[in-house]
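Spelled out from the first residue to the last, the chains are:
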Amino acid sequence: MNNLVSLCQSRLFSGISPNDIPKMLKCLSATRKEYAKDEMVVREGDLVDDVGIILQGSAQSTKLSVTGKQIIVSLHYPGGYTAVLTAASRGRRCPMSVQAIEPLEVLFIPIKSILSRCTKLCMAHEQLLGNLFDSIAERALELHDRNDCLIMPTIRDKVLTYLTRVMRETGTETFTIPFDREAMAEYLDVDRSALSRELSWMKRDGLIDFYRNEFKLLQKAVE
């Protein structure tokens, strides 16, 4: 399949030979679906029975606060998942929406197909099942990382927590974040104007330097 590379990048198919994947997808009753920019893949409150793997494009998970404000929870790129925790929870409704940021292609695999024991007792399916649990743990840790930002008491603390994590993930002091100011404010659950003002103050105080969505944590910030 044309998107075999994206599947090989997915933790779900880690350790499985690329030659085995097309046969497995047929056995698993996998289906592909395309979405236009801004189209909803999953709506908050939906029942989800499939694990979705991004093949092309990108998407975002969002929640609505009690006041109706949209909050970005996470971003999804090729090889990443949509609603894997909900699909694995059996009967729980999805606590957030997933929306295409750009034209999107998603591969859906019924969770029951992954959890059902393979009739051929193949090693690839055993590996797939183990990878599913790894994927669930990975997704849970992603949400934990975001919660680390949300529990910080000030905007400055939220920004430093987020930027420090990105710096550690990229391994460099200068890095590009996937958010514009509006999206960054939604992700950190703060007012956009207050965020822009705080970023300017942090730059003035010698904590960070930035240009648009490219940031650098200065030594003073990591001491």
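From a predicted model like this one, the values you see are computed outputs, not experimental measurements.

Draft legend 1. Structural context of the packing of aromatic side chains. This model, assessed by the stated rule, comprises four aromatic pairs. Feature note: the residues Tyr 162, Phe 179 and Tyr 187 constitute an aromatic cluster, connected by ring pairs. Here Arg 146 stacks its cationic end above the ring of Tyr 187, 5.0 Å away from the centre of that ring. Above the face of the Phe 210 ring, Lys 203 is positioned so that its terminal group lies 5.0 Å from the ring centre.

Draft legend 2. Region of interest: the nonpolar core. Leu 12, Phe 13, Val 51 and Ile 109 are the most contacted members of the largest nonpolar core, which has 36 residues in total. When residues of this core are traced back to their parent elements, those giving at least two are α2 (21-27), β2 (40-42), β3 (50-56), α3 (84-88), β7 (97-100), β8 (104-110), α4 (111-115) and α5 (123-150). The element best represented in this core is β8, accounting for five residues. For Val 51, the contacting residues outside a window of four places in its chain are Tyr 81, Val 84, Ala 87, Leu 107, Phe 108, Ile 109, Ile 111, Ile 114 and Leu 132. In this structure, Ile 72, Val 166, Val 190 and Phe 215 belong to the second largest nonpolar core, which totals 26 residues.

Draft legend 3. Spatial organisation of the sheet that holds strand β9 (residues 174-176). In spatial order, the strands read β9-β11-β10; together these three strands make up an open sheet with antiparallel pairing. What marks the edges here is a single partner per strand, and that holds for β9 and β10 (208-211). With strand direction ignored, the average angle separating the axes of adjacent strands in the sheet is 20°. Sheet topology places β9 next to strand β11 (residues 214-217); three bridges connect them, and they run antiparallel. Paired with Thr 176 across the bridge in β11 is Glu 214.

Draft legend 4. Region of the structure containing the UniProt feature "domain: Cyclic nucleotide-binding" (unreviewed entry) in the protein. With numbering matched to this structure, UniProt assigns "domain: Cyclic nucleotide-binding" (unreviewed entry) to residues 12-109. Between the C-alpha atoms that bound residues 12-109 there is a distance of 11 Å. The span itself is 12% helix and 41% strand.

Draft legend 5. Molecular detail of the environment of Pro 78. With respect to the helices, strands and loops of the structure, Pro 78 is situated in the loop between β5 (70-76) and β6 (81-82). The partly exposed category is assigned to Pro 78, whose relative accessible area is 35%. Sequence separation between Pro 78 and Ser 200 is 122 residues; the distance between their C-alpha atoms is 33 Å. Leaving out residues up to four positions away in the same chain, Pro 78 has contacts with Ser 6, Gln 9, Ile 54, Leu 55, Gln 56 and Gly 57.

Draft legend 6. Quick look at unusual backbone geometry. Even without being glycine, Ser 29 reaches a positive phi, approximately 60°. With respect to the helices and strands, Ser 29 occurs in the loop between α2 and β1 (31-35). When its relative accessible area of 46% is taken as the criterion, Ser 29 is described as partly exposed. Of note in the backbone geometry, Arg 212 takes a positive phi value of approximately 55° without being a glycine. Looking at where Arg 212 falls in the secondary structure, it is placed in the loop between β10 and β11. Judged by relative accessible area, Arg 212 falls into the exposed class, the value being 61%.

Draft legend 7. The sheet that holds β1, seen in detail. Read across the open sheet, the four strands follow the order β1-β8-β3-β6; overall the sheet is antiparallel. Each end of this open sheet is capped by a strand with a single partner; those strands are β1 and β6.

Calculation criteria
Residues numbered from 1 in each chain as written. Predicted model: local features only at pLDDT ≥ 70, side-chain atom pairs only at ≥ 80, totals over all residues. Heavy atoms only, no water. Phe/Tyr/Trp six-rings, centres within 6.5 Å; stacked < 30°, edge-to-face > 60°. Lys NZ or Arg CZ within 6 Å of the ring centre and 35° of its normal. Core = buried A, V, L, I, M, F, W, Y, C linked by side-chain atoms within 4.5 Å. Buried < 20%, exposed > 50% of the residue type's maximum accessible area, 1.4 Å probe, protein only. Helix = DSSP H or I, 4+ residues; strand = E, 2+ residues; numbered from the N terminus. Contact = heavy atoms within 4.5 Å. Pairing = 2+ DSSP bridges. Axes fitted to C-alpha atoms, helices over the stretch in contact; angles between N-to-C directions. UniProt positions renumbered as here; feature names shortened; annotations may be inferred.

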